[in-house]
Amino acid sequence: MQIEGSGALIAGGASGLGEATARLLHARGAELVIADLNEDKGGALADELGAQFIRADVTEPDQVQGAVDAAAALAGGLRISVCCAGIGWAERVASGRGPHQLQPFETVIRVNLIGTFNVLRLAAVAMLDTEPVESDPPTGERGVCINTASIAAFDGQIGQISYSASKGGIVGMTLPAARDLARGGIRVCTIAPGLFDTPLLAGLPEEHRQALAATIPFPPRLGLPDEYAALAAQIVENEMLNGETIRLDGALRMAPK
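Residues numbered from 1 in each chain as written. Predicted model: local features only at pLDDT ≥ 70, side-chain atom pairs only at ≥ 80, totals over all residues. Heavy atoms only, no water.

1. Section: the overall build of the protein
Moving on, step 1. The secondary structure content of the protein amounts to eight helices and nine strands.
Moving on, step 2. Over its C-alpha trace the protein gives a radius of gyration of 18 Å, about what one expects of a compact globule, namely 18 Å for 257 residues.
Moving on, step 3. Over its C-alpha atoms, taken along the principal directions, the protein stretches across nearly 60 × 35 × 35 Å.
Moving on, step 4. In the protein, buried positions account for 50% of the 257 residues.
Moving on, step 5. Relative to all contacts within the protein whose residues are 6 or more apart in sequence, the contacts with residues 24 or more apart total 70%.
Moving on, step 6. For the protein, the exposed area adds up to about 12200 Å²; of that, 55% sits on carbon and sulfur atoms.
Moving on, step 7. The positive charge centre, built from 19 side chains, and the negative charge centre, built from 30, are 8 Å apart in the protein. (Helix = DSSP H or I, 4+ residues; strand = E, 2+ residues; numbered from the N terminus. Rg over C-alpha atoms; globule rule 2.2 N^0.38 Å. Buried < 20%, exposed > 50% of the residue type's maximum accessible area, 1.4 Å probe, protein only. Contact = heavy atoms within 4.5 Å. Areas by Shrake-Rupley, 256 points an atom, 1.4 Å probe, with all protein chains shown as cover. Lys, Arg positive; Asp, Glu negative; His and termini not counted. Charge placed at Lys NZ, Arg CZ, Asp CG, Glu CD.)

As structure tokens, then:
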């Protein structure tokens, strides 16, 4: 799979990890469709990169289908799908205030897990309609889908029950999805980032950011979105990467809190 000349869909591509991935794939010659709810940032980024922007909620099938259709219509066809869309919520299972609210739990699962699956299933159908890419020897590869989990899938902290459950679900989907799509020549991988310098952490006081960075064994700093993007690009180009969740965390294993 070559990035240059391929069509790519970046869901959640207006900022953070998705923006960095969009920028790198564009620099490497991919044609892009950026899908996001943030029309201001997503539209501005698309204009800058000469890409298309589609306003899409990953939980809405019709909206995601519109983004997939736009990517499939690119000259290179839809070959690369990256889903970075997600939200968080902090609440304990139970406390003196009562049980965890059900609605926030359902919302996080719907956006992070069901939204990721929505992008995956619809992008995969479009990839199945493409011709295999040329390779020597020929393998029949048609595309690659990259999902975003978190090390919270493995090291969920106090108050992260909904977020950890949603990201754990993404990890759990990875191998069966790769097996389901193998005969169609579509690979599926998941990246599980640790603590990254994204808009979520950018709002924290600097001393809190430094304290978080100090918990990472090496390198002792927050991860950079460009490092996520570099791994995504390697997954695209390395045909043997399939059915795998890759931790990108500087050897961090999060404490309970």
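2. Focus: the pairing of strand β2 (residues 31-36)
Moving on, step 1. Counting buried positions along β2 gives five out of six residues, so the element sits mostly inside the fold.
Moving on, step 2. Examined bridge by bridge, strand β1 (residues 7-11) and β2 share five bridges and lie parallel to one another. Residue pairing across strands places Ala11 opposite Ala35, the latter belonging to β2.
Moving on, step 3. Crossover β2 to strand β3 (residues 52-55) through helix α2 (residues 39-49) is right-handed. (Pairing = 2+ DSSP bridges. Right-handed = clockwise from strand over helix to strand, strands pointing away.)

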